[in-house]
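Here is how the chains run, residue by residue.
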Amino acid sequence: MSLDVVLSRISEIRSQIDALQTGTVTSTTSTDSTAASSAASSAFADALATENGGGTGTTAGSLATALGTAAGSTTPATSVDAGQGTVATGSGATGADVVADAKKYLGVPYVFGGTTTAGMDCSGLVQTVFKDLGVTMPRVVPDQAKMGVEVGSLKDAQPGDLIVPKGEGHIVIYVGDGKVLHAPHPGKDVRIVDNWYSDADIATIRRIVPTAQEAAARSTTGAGATGSGTDLQTAALMALVQSGGAA
């Protein structure tokens, strides 16, 4: 067996694993992703075993276990649809993006039921902003108030979070520094004002997409997972060479 053959086989399997880790392989659930990762791990081990003389061997068997653990632990990209109890990361949008996009609609007149620059209401504004960012949100406040994850209090609120008062008759976008952006009522336009709600007034605060800090942390974790997979594959090749399996 030549070193070129081993490198070629590793390159093929590495491409499969990298695709899984970056979310480019079609997968609808984490179960599917884990199964595909395990399949790639087994294929890699089988390739090494075949090139190493047809046996399963210690190197190939250990590698299958290690790669299965590493690939299965990566977090698949989530849906771009807002959901209950989960932060939507599929679009790549952050809370800062929510605020930036919402500011495009400053000055748009309030129109009940509206969702365009000709006029919009409070929930229409929220739905439109998230739609701009590639995130699907329900249309009315009671449904929007169930999306994402709950933020404990105003002191924990971050730009892009949604604040819903008790009674769920209104919804505003927190922009930071104690200010909110919203579509108030007929006769007014979309504007930024000082937040007038206290924790006692609020039914829920919802985080639909991650904050910029959360997104950065998730990206760092993902990069680490990719590096770990590459290290495992390199270590396997070195072990094969050192054992005399690659001539």
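Report on the accompanying structure. Since the model is a prediction, treat every value here as computed from it, not as a measurement.

Structural notes on the pairing of strand 4 (residues 162–165)
Thinking step 1. By the alternation rule, side chains of strand 4 split into L162 and V164 and I163 and P165, which are all buried.
Thinking step 2. As defined by bridge partners, strand 4 adjoins strand 5 (residues 172–176) across two bridges and the pair is classed as antiparallel. Across the sheet, residue L162 finds its bridge partner in strand 5, namely I173.
Thinking step 3. Hairpin geometry of strand 4 and strand 5 is characterised by an intervening segment of six residues between the two adjacent antiparallel strands and by a positive phi of about 95 degrees at G167.
Thinking step 4. Here strand 4 runs beside strand 8 (residues 202–207); their pairing, made up of four bridges, is antiparallel. Within strand 8, the residue paired with V164 across the bridge is T204.

What about the pairing of strand 6 (residues 179–182)?
Thinking step 1. In the sheet, strand 5 pairs with strand 6 via three bridges, with the strands oriented antiparallel. Opposite I173, over in strand 6, you have L181 as the bridge partner.
Thinking step 2. Here strand 5 hands over to strand 6 after two residues, with D177 in that stretch at a positive phi of 55 degrees.
Thinking step 3. Direction of pairing for strand 6 relative to strand 7 (residues 191–194): antiparallel, over a ladder of four bridges. The residue of strand 7 that forms the bridge with L181 is I192.

Focus: the sheet that holds strand 5
Thinking step 1. Across the sheet, six strands lie side by side as 3-8-4-5-6-7; this open sheet has antiparallel pairing. The open sheet has two edge strands, strand 3 (149–150) and strand 7, and neither has a second partner.

Focus on unusual backbone geometry
Thinking step 1. Of note in the backbone geometry, E168 takes a positive phi value of approximately 50 degrees without being a glycine.
Thinking step 2. For E168, the location among the structural elements is in the loop between strand 4 and strand 5.
Thinking step 3. Given the relative accessible area of 30%, E168 is considered partly exposed.
Thinking step 4. The backbone of D177 shows a phi angle near 55 degrees, a positive value even though the residue is not glycine.
Thinking step 5. Along the chain, D177 turns up in the loop between strand 5 and strand 6.

What counts and how
Residues numbered from 1 in each chain as written. Predicted model: local features only at pLDDT ≥ 70, side-chain atom pairs only at ≥ 80, totals over all residues. Heavy atoms only, no water. Buried < 20%, exposed > 50% of the residue type's maximum accessible area, 1.4 Å probe, protein only. Helix = DSSP H or I, 4+ residues; strand = E, 2+ residues; numbered from the N terminus. Pairing = 2+ DSSP bridges.

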